[in-house]
Amino acid sequence: DTAVSQTPKYLVTQMGNDKSIKCEQNLGHDTMYWYKQDSKKFLKIMFSYNNKELIINETVPNRFSPKSPDKAHLNLHINSLELGDSAVYFCASSQGRQPFSSQYFGPGTRLTVL
Amino acid sequence: GNSVTQMEGPVTLSEEAFLTINCTYTATGYPSLFWYVQYPGEGLQLLLKATKADDKGSNKGFEATYRKETTSFHLEKGSVQVSDSAVYFCALSDGGSGNTGKLIFGQGTTLQVKP
């Protein structure tokens with residue numbers, strides 16, 4: 001039973017295309033996140049939703065648009081892809097958003113923009 | 001702003017050696033501290049956490065103690081195995097105004113254990 005799943009695992013696309021990454025969690029959590037891991041493995045928060053409400057929106061280009069249709073899903077849509085968008089994108093979830101809430105991560109989606 | 005600093009890697013050890021990966025943080029308030037591990041080609045797994053000063057988190061032989069006086073959360077293991085080879089991330093969650101739950105990560109430390 002996968003707790004946090006992401007699709008696709010790999011995504012190779014051309015510059016200028018639009019693509020989506022899907023995330024689902026079956027942990028019953030109410031908070032979900034998107035993180036970006038660059039080529040040096042540095043991880044940075046992008047977005048967070050709590051009960052379908054946007055909580056965190058870091059300084060991310062507005063080409064990136066998260067969508068949370070329900071508490072169990074958080075999708076990431078990226079318009080007009082650029083070379084610099086190549087990275088591994090991780091979805092995570094937690095129950096609550098207090099400092100002590102543990103976050104559980106998905107396996108990641110490796111996006112390569114050519 | 002809040003930040004986490006980890007020791008530079010890679011760290012290369014022989015099997016059964018003692019491991020320490022240093023982590024220090026800067027934060028206002030009372031953050032919670034975490035260690036995550038990323039095995040090759042996989043996502044991050046929560047290894048251990050501590051939510052207040054002097055707490056010790058432990059799991060799978062790994063330990064870390066939340067030291068407020070030195071703002072540190074160093075990861076230790078008494079005897080490493082080849083299977084411990086991975087990237088280790090220290091992170092903090094400070095809540096802040098509005099309790100966003102945002103995790104701030106260190107840069108990661110790669111551990112390679114040789115037989």
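Residues numbered from 1 in each chain as written. Chains lettered and ligands numbered in written order. Predicted model: local features only at pLDDT ≥ 70, side-chain atom pairs only at ≥ 80, totals over all residues. Heavy atoms only, no water.

1. Quick notes on the environment of N26 of chain A
All names here are of chain A.
Argument step 1. Its location among the elements puts N26 in the loop between β3 (19-25) and β4 (31-37).
Argument step 2. Linking N26 and S5, residues 21 residues apart in sequence, is a C-alpha distance of 8.7 Å.
Argument step 3. Among residues more than four places away in sequence, those in contact with N26 are T2 and A3. (Helix = DSSP H or I, 4+ residues; strand = E, 2+ residues; numbered from the N terminus. Contact = heavy atoms within 4.5 Å.)

2. With respect to the interface of chain B and chain A
Argument step 1. Between chain B and chain A, the residue contacts involve 25 residues of the former and 24 residues of the latter.
Argument step 2. In total, about 1,900 Å² of surface goes out of reach between chain B and chain A, with carbon and sulfur atoms giving 56% of it.
Argument step 3. Our count for the chain B to chain A interface comes out at one salt bridge.
Argument step 4. Between the two partners, chain B and chain A, sit five residue pairs in polar contact (both at pLDDT 80 or more).
Argument step 5. Only β5 (32-38), β6 (44-50), β10 (86-93) and β11 (103-105) of chain B provide two or more residues apiece to the side of chain B that touches chain A.
Argument step 6. Tallied by class, the residues present in the side of chain B that touches chain A amount to eight nonpolar, 13 polar and four charged. (Buried area = accessible area lost by both parts, 1.4 Å probe. Salt bridge = Lys/Arg side-chain N within 4 Å of Asp/Glu carboxyl O. Polar contact = N/O pair within 3.5 Å; in protein donor to acceptor, adjacent residues only side chain to side chain. Nonpolar A, V, L, I, M, F, W, Y, C, P; charged D, E, K, R; others polar.)

3. Side note on the nonpolar core
It is characteristic of soluble globular proteins that their nonpolar side chains tend to be buried jointly.
Argument step 1. Counting 27 residues, the largest nonpolar core has L19, W35, L48, F73, L75 and Y88 of chain B as the members making the most contacts within it.
Argument step 2. For this core, the secondary structure elements donating two or more residues are β2 (11-14), β3 (19-21), β4 (23-26), β5, β6, β8 (62-65), β10 and β12 (109-114) of chain B.
Argument step 3. By residue number, the principal contributor to this core is β10 of chain B, which donates four residues.
Argument step 4. Non-local contacts of Y88 of chain B, meaning those with residues more than four positions away in its chain, are made with Q6, I21, W35, Y36, V37, L47, F62, L75, G108, T109 and L111 of chain B.
Argument step 5. Judged by nonpolar contacts, the second largest core, of 20 residues, contains I21, W34, A87 and L111 of chain A. (Core = buried A, V, L, I, M, F, W, Y, C linked by side-chain atoms within 4.5 Å. Buried < 20%, exposed > 50% of the residue type's maximum accessible area, 1.4 Å probe, protein only.)

4. Brief notes about the sheet that holds β3 of chain B
All names here are of chain B.
Argument step 1. Read from one edge of the open sheet, four strands run β3-β9-β8-β7, paired in antiparallel fashion. Only two strands of the sheet have a single neighbouring strand rather than two, namely β3 and β7 (56-59). Going across the sheet, the axis of each strand differs from the next one's by a mean of 15 degrees, ignoring polarity.
Argument step 2. With three bridges joining them, β3 and strand β9 (residues 75-77) adopt antiparallel strand pairing. Counterpart to I21 in the pairing with β9 is L75. (Pairing = 2+ DSSP bridges. Axes fitted to C-alpha atoms, helices over the stretch in contact; angles between N-to-C directions.)

5. A short note on the pattern of salt bridges
Argument step 1. Counting across every chain of the model gives seven salt bridges over all chains.
Argument step 2. Among the ionic pairs, K52 of chain B bridges to D55 of chain B, the shortest N-O distance being 3.3 Å.
Argument step 3. You can call D55 of chain B partly exposed: its relative accessible area is 21%.
Argument step 4. Through salt bridges with shared partners, a single network forms among K44 and E58 of chain A together with K102 of chain B.

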